[in-house]
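# Close look at the chain arrangement
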Amino acid sequence: MNRKISVRLRAAARRIERGFCKGTLAVDANGDMAYPSSRRAVAWCLMGALEAEYLLPRDDSPALRILGAGIPCDFPFQIRSKLVQWNNAPETIAPEVATLLYLGAEIAAEEGR
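Let me sum up the structure you'll find in this document. Within each chain, residues carry numbers counting from 1 in the order of the written sequence. For a predicted model such as this one, the threshold for reporting local features is a pLDDT of at least 70, and the threshold for listing and counting side-chain atom pairs is 80 or more; totals across whole chains, interfaces and linings nevertheless cover every residue. Remark: hydrogens and water are excluded; side-chain values derive from all non-hydrogen atoms of the structure.

### What about the overall build of the chain?
- Helix numbering and strand numbering both begin at the N terminus, where a helix is a DSSP run of H or I of at least 4 residues and a strand a DSSP run of E of at least 2. Looking only at helices and strands, the chain has five helices and two strands in total.
- Secondary structure elements of the chain occur, N-terminal to C-terminal, as α-β-β-α-α-α-α.
- Note on exposure labels: buried denotes an accessible area under 20% of the residue type's maximum, exposed denotes more than 50%, and partly exposed covers the range between, all computed with a 1.4 Å probe on protein chains only. With 113 residues in all, the chain has 45% of them scored as buried.
- The contacts of the chain with a sequence gap of at least 6 include a subset with a gap of at least 24, amounting to 53%.
- Here the open area of atoms and residues is found with the Shrake-Rupley method and a 1.4 Å probe, where only the protein chains shown may cover a residue. Roughly 6400 Å² of accessible area belongs to the chain as shown, and the carbon and sulfur atoms make up 53% of that amount. In this analysis, two residues are considered to be in contact whenever any of their non-hydrogen atoms come within 4.5 Å of each other.

Quick look at the structure:
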């Protein structure tokens, strides 16, 4: 199970590297909202990248548990809200989001061994 999560977290990181957005799950080339799994999507927020990779972001999901532990701040919210707040913070940039996803993938792979 965690091996699949690891593969999907890496794929989500690659989405963020291709295009990153804040405030909505995904946008198209015109900057309009798009479904995260749509072919029109060219940029994703953290949650949108997870959703596009079928890591449905619920607070009890293994992927969110792993990612929530790696957030470099302490928002007093549930894991999902914590990740959304961090993604949308003005100082958060795409390389940080991708790094978090890659670190999560490494943790998931280790847990799967």
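### Things to note about the packing of helix α1 (residues 2-18) against helix α5 (residues 94-111)
- Under this scheme, a helix contributes an axis fitted over its contacting stretch, all axes are lines through C-alpha atoms, and angles between N-to-C directions fall in the 0 to 180 degree range. One way to put it is that α1 packs onto α5 with a least axis distance of 8 Å and a crossing angle of 170 degrees. Taken together, α1 and α5 sit at an angle that is classed as roughly antiparallel. Between α1, through Asn 2, Ile 5, Ser 6, Leu 9, Arg 10, Ala 12, Ala 13, Arg 14, Ile 16 and Glu 17, and α5, the contact on the second element is made entirely by Ala 94, Val 97, Ala 98, Leu 101, Tyr 102, Gly 104, Ala 105, Glu 106, Ala 108, Ala 109 and Glu 111.
- Following the grouping adopted for this structure description, the nonpolar residues are Ala, Val, Leu, Ile, Met, Phe, Trp, Tyr, Cys and Pro, the charged ones are Asp, Glu, Lys and Arg, and the polar ones are all others, Gly among them. The residue inventory of the contact of α1 with α5, partitioned by class, reads 13 nonpolar, three polar and five charged. For classification purposes, angles smaller than 35 degrees are called roughly parallel, those larger than 145 roughly antiparallel, those between 65 and 115 roughly perpendicular, and all remaining angles oblique.

### Things to note about the nonpolar core
- We define the nonpolar core as a collection of buried residues of types Ala, Val, Leu, Ile, Met, Phe, Trp, Tyr and Cys that are connected through side-chain atoms lying within 4.5 Å of one another. Counting residues in hydrophobic clusters, the biggest one holds 30 residues, and the most contacted among them are Leu 9, Ile 16, Trp 44, Leu 46, Leu 50, Leu 67 and Leu 101.
- Every element with two or more residues in this core is listed here: α1, β1 (26-27), β2 (43-44), α2 (46-52), α3 (62-69), α4 (79-88) and α5.
- The element best represented in this core is α5, accounting for six residues.
- In this structure Leu 101 touches Leu 9, Ala 12, Ala 13, Ile 16, Leu 46, Leu 50 and Leu 67, once residues within four positions along its chain are discounted.

### Describing α4
- Of the positions making up α4, those classed as buried are Lys 82, Leu 83, Trp 86 and Asn 87. Each buried residue of α4 lies within a common arc of 130 degrees when the element is viewed along its axis, so the set occupies one face. Note that the arc is defined by the directions from the helix axis to the C-beta atoms.

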